[in-house]
Amino acid sequence: MAATGTTGRWVAAGIAVAGIVGLGLLAIPAGAGAAPELPPVTAEALVSSVLTAKPAAFGGTVVLDNNLGLPALPGLPQAANGTSTARIWSDGTGKARAQVPSASGERTFVADGTTFWSWDSSDKTVTKAAEGAERKPAAPEATTDPTAAATQAIEKLRTTSEVSVDGTAEVAGRPAYDLVLTPAPTERTLLREVRIAVDSQTRMPLQLTVLANGSSDPALQLGFSDLTFGTQDASLFTFTPPPGSTVTGPSAGDKPAKPEGLPAGAAKPTAVGDGWDTVLLASMPKPDTAAPQQPGRGGAADLSSLGTPVSGTWGSGRLVTTAVASAIITDDGRIAIGAVPEQVLTAALSK
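About the thresholds
Residues numbered from 1 in each chain as written. Predicted model: local features only at pLDDT ≥ 70, side-chain atom pairs only at ≥ 80, totals over all residues. Heavy atoms only, no water. Axes fitted to C-alpha atoms, helices over the stretch in contact; angles between N-to-C directions. Helix = DSSP H or I, 4+ residues; strand = E, 2+ residues; numbered from the N terminus. Parallel < 35°, antiparallel > 145°, perpendicular 65-115°, else oblique. Left-handed = near helix turned anticlockwise from the far one by under 90°. Contact = heavy atoms within 4.5 Å. Nonpolar A, V, L, I, M, F, W, Y, C, P; charged D, E, K, R; others polar. Pairing = 2+ DSSP bridges. Phe/Tyr/Trp six-rings, centres within 6.5 Å; stacked < 30°, edge-to-face > 60°. Buried < 20%, exposed > 50% of the residue type's maximum accessible area, 1.4 Å probe, protein only.

## Some remarks on the packing of helix α2 (residues 43–52) against helix α4 (residues 146–157)
Next, step 1: Running from N to C, α2 and α4 point in directions that differ by 125°, and their axes come no closer than 10 Å. In terms of orientation, α2 and α4 fall into the oblique class. In this structure, α2 crosses over α4, and the sense of that crossing is left-handed. Of the residues in α4, those in contact with V47, V50 and L51 of α2 are T151, I154 and E155.
Next, step 2: Taken together, the residues of the contact of α2 with α4 break down into 4 nonpolar, 1 polar and 1 charged.

## Side note on the sheet that holds strand β11 (residues 218–229)
Backbone-to-backbone hydrogen bonds join strands into a sheet, with any given pair of strands oriented parallel or antiparallel.
Next, step 1: The strand order across the open sheet built from 12 strands is β7-β8-β9-β10-β11-β1-β2-β3-β4-β5-β6-β12, with neighbouring strands paired in mixed fashion. The sheet is open, and its two edges are formed by β7 (161–171) and β12 (246–248), each paired on a single side. Between one strand axis and the next, the sheet turns by 15° as a mean value, whatever way the strands run.
Next, step 2: Here strand β8 (residues 174–183) pairs with strand β9 (residues 191–199) via 6 bridges, running antiparallel. Within the sheet, the bridge partner assigned to D178 lies in β9 and is A197.
Next, step 3: Sitting on the sheet, α2 touches β7, β8, β9 and β10 (205–212), and the angle it makes with β7 is about 75°.
Next, step 4: Contacts between α4 and the sheet are confined to β1 (58–66), β2 (82–90), β7, β8, β9, β10 and β11, with β10 contributing the most and set at about 60° to the helix.

## A closer look at the packing of aromatic side chains
Next, step 1: Taken as a whole and judged by the stated rule, the model has 3 aromatic pairs.
Next, step 2: Taken together, a centroid distance of 5.7 Å and an interplanar angle of 90° make the contact between F58 and F224 edge-to-face. In this pair, F58 is assigned in strand β1 and F224 in strand β11, connecting sequence segments 166 residues apart. Each member of the pair, F58 together with F224, is buried.
Next, step 3: Ring geometry for F109 versus F116: centroids 6.4 Å apart, planes at 25°, classification stacked.

Following this line, the structure appears as structure tokens:
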């Protein structure tokens with residue numbers, strides 16, 4: 001996919017987030033070790049135990065193996081094809097830390113119980129937000145925490161899936177059950193199945209496999225390569241802006257800010273449908289009237305290098321696809337994204 005300029009990067013980010021993270025879908029293949037012998041468990045009981053499990057304190061290394069076919073995104077190099085790693089920690093009560101290498105340094109995210117901190121060592125900038133606020137950056141967290149991603153997948157997909165237990169696996173040295181979610185026959189999706197390795201003792205999801213239709217290889221892989229349960233150093237869950245850094249964030253009395261990651265003029269996406277064939281609809285950023293306008297585009301960015309032209313009763317635009325997601329960017333500034341075929345996008349745009 002050729003994506004250039006601000007528009008191209010935002011479309012690529014939207015496909016990555018809406019097609020995968022938006023569904024809670026991030027992946028890792030089953031462990032390569034011998035399958036451990038574990039007591040049998042039903043799919044219903046395993047799902048219930050995951051959703052009701054008490055959070056545990058842990059520290060570990062996460063490996064992301066990406067085959068989406070997207071370019072590197074500013075501040076999120078993990079969107080590009082390739083393998084990357086991150087370190088994550090949790091105290092089991094909601095405090096957490098993630099350290100993600102970037103092209104020119106490292107990004108650190110800390111949730112200390114009241115404030116969410118984001119630190120970029122490359123430009124020495126710190127962004128802070130009250131925990132739970134809309135500005136909390138969702139994508140970096142989702143791409144570093146297989147536990148959160150897998151739990152979201154179960155919550156969002158179980159009612160539109162055929163759920164089963166397909167044996168056992170060893171993940172990061174721990175015995176696990178292999179939970180499989182397959183789209184119900186009524187679901188229209190590019191995905192074939194989601195496989196979640198669930199720790200046999202803590203019921204914590206350890207890794208997750210997403211497979212697209214027509215391919216035997218995972219489209220995206222995320223999971224623990226090593227994991228240690230137990231009390232973590234309390235200093236990991238505090239953050240003090242380093243000397244010389246620039247700190248941004250809302251002050252007392254400020255109006256709620258636009259969610260981080262959306263450019264100026266872009267609206268927060270809305271969902272059409274549910275389960276596997278969910279489509280996110282959003283508006284593209286308003287064009288800069290002071291900038292030179294593109295002929296025939298009414299001042300909008302030139303999308304001629306993105307995907308292929310499509311049209312219908314909903315209008316006209318460009319179709320962009322990857323192994324697990326697709327998007328239509330309309331000429332009038334709308335965008336529809338999902339892990340679905342083109343027909344599902346056009347139906348959502350027509351509503």
